[in-house]
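# Architecture and fold: a report
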Amino acid sequence: MHGFLLLCSLILCNAVMVAAQEKVQKLPKEEEGSPAQIRIPQTLSRGWGDDIEWVQTYEEGLARSKHSKKPLMVIHHLEECPYSQALRKAFASSPEIQQMAQEDFIMLNLVHSSSDDNMAPDGHYVPRILFVDPSLTVRADLTGKYGNRMYAYEPEDISTLIENMRQAKLLLHTEL
């Protein structure tokens, strides 16, 4: 009998502790009509655009592109690379790029190489941006300005990137 009482008091004590922890962890309830809470940036954006829906993997991007009939835009970069950082800043601060990325593309940014050799047609440099149409074809015709790094873009090349994004959308509609 004594053991049973001890067990019951331990369970009761544990229940009280759990309830106290839950009460401490609860956030204040949002009142009706109150302004929206502050939005936490999406970690997958890595600074390229927090309002853009990013896919996690190349394979997921291909599947979503095929299903949605939207082109996949793949950004290869490195966090510590000054060229990647400069392009990221220009990309994130361009309202036109942000809008097209949100509405018209499946978006992926990679800080590691893809297993698909088609994603590095002229090398594994960063930053580089490639487009893949919903038929899962890498668009070799949508390139930047540089002959030795065909898929590289610099902050000054944002207008070229915007034009390539428009072309990816136009080609998509005329080819499918």
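Residues numbered from 1 in each chain as written. Predicted model: local features only at pLDDT ≥ 70, side-chain atom pairs only at ≥ 80, totals over all residues. Heavy atoms only, no water.

### What to know about the environment of S65
- Within the fold, S65 resides in helix α2 (residues 58–68).
- The exposure class of S65 is buried, given its relative accessible area of 0%.
- Here the alpha-carbon distance between S65 and D133, two residues 68 residues apart in the chain, equals 7.2 Å.
- Beyond its immediate sequence surroundings of up to four residues, S65 is in contact with K70, P71, L72, I106, V132, D133 and P134. (Helix = DSSP H or I, 4+ residues; strand = E, 2+ residues; numbered from the N terminus. Buried < 20%, exposed > 50% of the residue type's maximum accessible area, 1.4 Å probe, protein only. Contact = heavy atoms within 4.5 Å.)

### With respect to the sheet that holds strand β3 (residues 128–132)
- With mixed pairing, three strands are arranged side by side in an open sheet as β2-β1-β3. Of all the strands in the sheet, just β2 (106–110) and β3 have a single pairing partner and so form its edges. Between one strand axis and the next, the sheet turns through 15° on average, direction left out of account.
- Of the strand pairs in this sheet, strand β1 (residues 72–76) and β2 are connected by five bridges, and their pairing is parallel. Note on β2: the bridge partner recorded for I75 is N109. (Pairing = 2+ DSSP bridges. Axes fitted to C-alpha atoms, helices over the stretch in contact; angles between N-to-C directions.)

### What about the environment of C81?
- In this structure, C81 sits in the loop between β1 and α3 (82–92).
- Classification of C81 by relative accessible area gives buried; the value is 11%.
- For C81 and P127, which are 46 residues apart along the polypeptide, the C-alpha to C-alpha distance reads 8.4 Å.

### Description of the pattern of salt bridges
- Scanning all chains against the criterion turns up 10 salt bridges.
- For the salt bridge of R139 with D133, the shortest nitrogen-to-oxygen distance reads 3.7 Å.
- Since its relative accessible area comes to 10%, R139 is described here as buried.
- In this structure, K145 engages D157 in a salt bridge whose closest nitrogen and oxygen atoms are separated by 3.3 Å. Remark: D157 occurs in the loop between β3 and α5 (158–175) and K145 occurs in the loop between β3 and α5; sequence separation between them is 12 residues. (Salt bridge = Lys/Arg side-chain N within 4 Å of Asp/Glu carboxyl O.)

### Observations regarding the pairing of β2
- Extensive coverage of β2 is indicated by the burial of five of its five residues.
- Here β2 shows two buried faces, one formed by I106, L108 and L110 and the other by M107 and N109.

### Focus: the environment of H124
- If you trace the backbone, H124 turns up in the loop between β2 and β3.
- Through-space distance from the C-alpha of H124 to that of H112 is 9.8 Å; in sequence the pair is 12 residues apart.

### Some details on the nonpolar core
- Membership of the largest hydrophobic core comes to 23 residues, with the highest contact counts inside it found for M73, F91, M107, F131, L161 and M165.
- Here this core takes six residues from α5, the largest share from any one element.
- Dropping the residues within four chain positions of it, F91 is found in contact with W48, I52, M73, I75, I97, Q98, M107, I158 and L161.
- Core analysis: the next-biggest nonpolar cluster, separate from the first, contains 16 residues, L72, L130, V132 and Y146 among them. (Core = buried A, V, L, I, M, F, W, Y, C linked by side-chain atoms within 4.5 Å.)

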